[in-house]
Every structure is written in structure tokens, then in C-alpha cells.
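# Fold and geometry: a report
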Amino acid sequence: MQTVETIDQFYKRTNQTIPEELLNFSGNPSHFNVKERSYCSKVSPYNRRDHYKIFLNVGQGRLHMANEVIEIDRPALILSNPMLPYSWESISEEQKGYYCLFNDSFISPDLKKGLERLCPLFNPALSPCCFLTEDAYQRLNGYFLQLIDELKSDYEYKFDVIRNILKLIIHEGIKIQSASLTPALTDSSDRITPRFLELLERQFPVDSPANPLKVKSASDFAEQLNIHVNHLNYVIKSHTGKTTTQMISNRVVAEAKTLLKQTDWDVAEIGYCLGFDYPAHFNNYFKKNTGLTPAAFKHQS
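Parameters at a glance
Residues numbered from 1 in each chain as written. Predicted model: local features only at pLDDT ≥ 70, side-chain atom pairs only at ≥ 80, totals over all residues. Heavy atoms only, no water. Pairing = 2+ DSSP bridges. Helix = DSSP H or I, 4+ residues; strand = E, 2+ residues; numbered from the N terminus. Axes fitted to C-alpha atoms, helices over the stretch in contact; angles between N-to-C directions. Phe/Tyr/Trp six-rings, centres within 6.5 Å; stacked < 30°, edge-to-face > 60°. Buried < 20%, exposed > 50% of the residue type's maximum accessible area, 1.4 Å probe, protein only. Lys NZ or Arg CZ within 6 Å of the ring centre and 35° of its normal. Parallel < 35°, antiparallel > 145°, perpendicular 65-115°, else oblique. Left-handed = near helix turned anticlockwise from the far one by under 90°. Contact = heavy atoms within 4.5 Å. Nonpolar A, V, L, I, M, F, W, Y, C, P; charged D, E, K, R; others polar. 1 Å grid on protein atoms, 1.4 Å probe; cavity = no way out; pocket = protein on both sides within 12 Å on 5 of 7 lines; lining within 4 Å. Points joined across faces, edges and corners; volume = space filled by probe spheres on them.

Taken in spatial order, the five strands of this open sheet run β2-β9-β4-β7-β10, and their pairing is antiparallel. The two strands at the open ends of the sheet, each matched to only one other strand, are β2 (32–36) and β10 (129–131). When the angles between neighbouring strand axes are averaged without regard to direction, this sheet yields 10 degrees. Of the strand pairs in this sheet, strand β7 (residues 76–80) and β10 are connected by three bridges, and their pairing is antiparallel. Counted as the bridge partner of Leu77 is Cys130 from β10.

Structure, rendered in C-alpha cells:
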């Protein structure tokens, strides 16, 4: 089975004390924390997390994701989406900056509203990494210092203040990425992309070969969303710069890579659960998108 690292497991792995609110409450208590990034292990585990994390990173490293490796060679803001597995590999000895982490219970409707398709925290189609100018770095550094001061305070409504600071950080990242994105549509089509992404992501992670994907093609998604497939293709291309088929394909390939790395399922089982009735079809699809057969990818170092 695939690994999903919980907040508790993160604190244990990094030799930190588990915060009291996570120990003394059942269910899913609201949690937020911010820390100075004074230490980072050489390579963190490659897996999903059950929480959100934002890094202000100073230091060279590589961000490994299922379908790409991003080289980090200058200050960067990294916003990790819990839907997608990743691993951080430190390259330089110096690893500085800050990180904050929080769970779904901490996110207020106001924090997320309107940002579902604009922010990498909530939209896995966007790059999680924003490279920073010196001015942007200084602004973000100030925001993280404010988060640290606010978390230490005794102010009754400090978490409301923290959510507002988080929103400033998120918008800073959106502004940095906005230059490379196609201008957003301004009509009711705005709602189609987040609905498409939600429908796409709802099928993942795949937890059993007995539960294959049901919605697999652009036409399938258009039918589920009650719109014409041509309109869906136009909206997705306008919002993301990618075709609907590319979005689906990228997500299926990313899941295939995760299953090949993290499960003991055979290639035929993985292909079937991803919607391929015949192993040969899955082999051809995977090789077309990665340059490797599933078996070669599974057994590479």
C-alpha cells in the first residue's frame, strides 16, 4: 500500500515533540505550526502527506515528484499539495529558511475561497515552486517572522491573524506564478476547472486493484460535469495551458509511478486499476509518456 505520512509521523521522523493538541484530542483537531528550517535530512521519504506545508527555502536541493524533478538553486517558496507525493533531497550543506504546516481542519472557508485553481496548495496542476527575487524573499521572510511571533502570543484570536498572514504568503506565490499563466476567464467557466480537478483527484489515491478508475477520458469528465467536451477542453486549456487529455494523462502517469514505486502490485494489476483492460495498452501508454516501460521504471534504482 502507498504511504501517507501523518503530522504525528512527521514530528516523530524529525525528532520533534508531538504538539499537545494532537495528543489529547480524538478525531482531526485543528493544527498549525511554524518552524525555522535550521536542519533538513539528506533525503526525506517519498510519499504523500495528510497535511499542507509551505517552505521558504534557502539552500540547494531537488524536489522529487512523480513526474518531474525541480532543481532548487536559489531562494524559493514551495507549496506542497497533500494529494501528490514528493521527496526533498538536500544538495548544499546550508539549509535555511522557514516552514509552516497545517491540516484541513485549520483551513477556514475564507482562506481557501477563490484560491482552489490559483494556488498550488489546492491545485495539483500548478508547479509547487516559486523562485524569488530579493524583494519577494524579504517580504516572505517578514511574513514568516510574523507567523512565529503570532504563534507565541497569547492573543485570543491569534489563529485568525495567522490565517490572514498565510493568505498573504499564498497571494505572493500566486503573483509570482501569474506571469506564466494564461489570463483567467471571468464568467461562469471559472467554476469548471476546480470542479474538473476535484473530480479528477477524487479518484486518487488508488487503494486497491479491485477499484479501477471509472472516469478516464475528456468525454467522461464532460459528461459528469454536464457540459460539452469542446467547452471543457477550451476552459481547461485557458486556465492551465494544458489540454484536458494532458491533465488526465499527467495525473494517471503520476499515480502509476507512485504505485510502481510504493506497492508490490504487478504491472498488470496497476494497469487494470488505472483503467487499462490489457497490459499491453498500459505498457504502451506509460512508455509513450515516460520513455520507459512500467517494468523498467519499477526496477530502476
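Right, picking up where we left off after that structure.
Applying the stated criterion to the full structure yields 15 aromatic pairs. Relative to Tyr157, the ring of Tyr155 has its centre 5.8 Å away and its plane inclined at 75 degrees; by these criteria the two rings are edge-to-face. When the ring of Phe286 is compared with that of Phe297, the centres are 5.6 Å apart and the planes differ by 65 degrees; the resulting orientation is edge-to-face. One end of the pair, Phe286, is in helix α11 (residues 279–290); the other, Phe297, is in helix α12 (residues 294–299), with eleven residues separating them in the sequence. Residue classification places Phe286 among the buried positions, given a relative accessible area of 0%. Sitting over the ring of Phe131, Arg74 keeps its end group 3.9 Å from the ring centre. The cationic tip of Lys261 hangs over the ring face of Tyr46; the distance from NZ or CZ to the ring centre is 4.5 Å.

Our focus in this paragraph is the packing of helix α6 (residues 192–201) against helix α7 (residues 218–225). At a minimum axis distance of 11 Å, the contact between α6 and α7 shows a crossing angle of 115 degrees. Put simply, α6 runs roughly perpendicular to α7. Viewed along their axes, α6 and α7 form a crossing whose handedness is right-handed. Here Arg195, Phe196, Leu199 and Leu200 of α6 come into contact with α7, specifically with Phe221, Gln224 and Leu225. The class makeup of the residues in the contact of α6 with α7 is five nonpolar, one polar and one charged.

This brings us to empty space enclosed by the protein. By the definition in use, this model includes one cavity of 30 Å³ or more. In this structure, the largest cavity spans a volume of roughly 30 Å³. Taken together, Arg37, Phe55, Asn57, Leu63, Ile78, Tyr86 and Trp88 make up the full set of residues lining the largest cavity. Mapped onto the lining of the largest cavity, the elements with two or more residues apiece are β4 (52–58) and β8 (86–90). In terms of residue class, the lining of the largest cavity is made up of five nonpolar, one polar and one charged.

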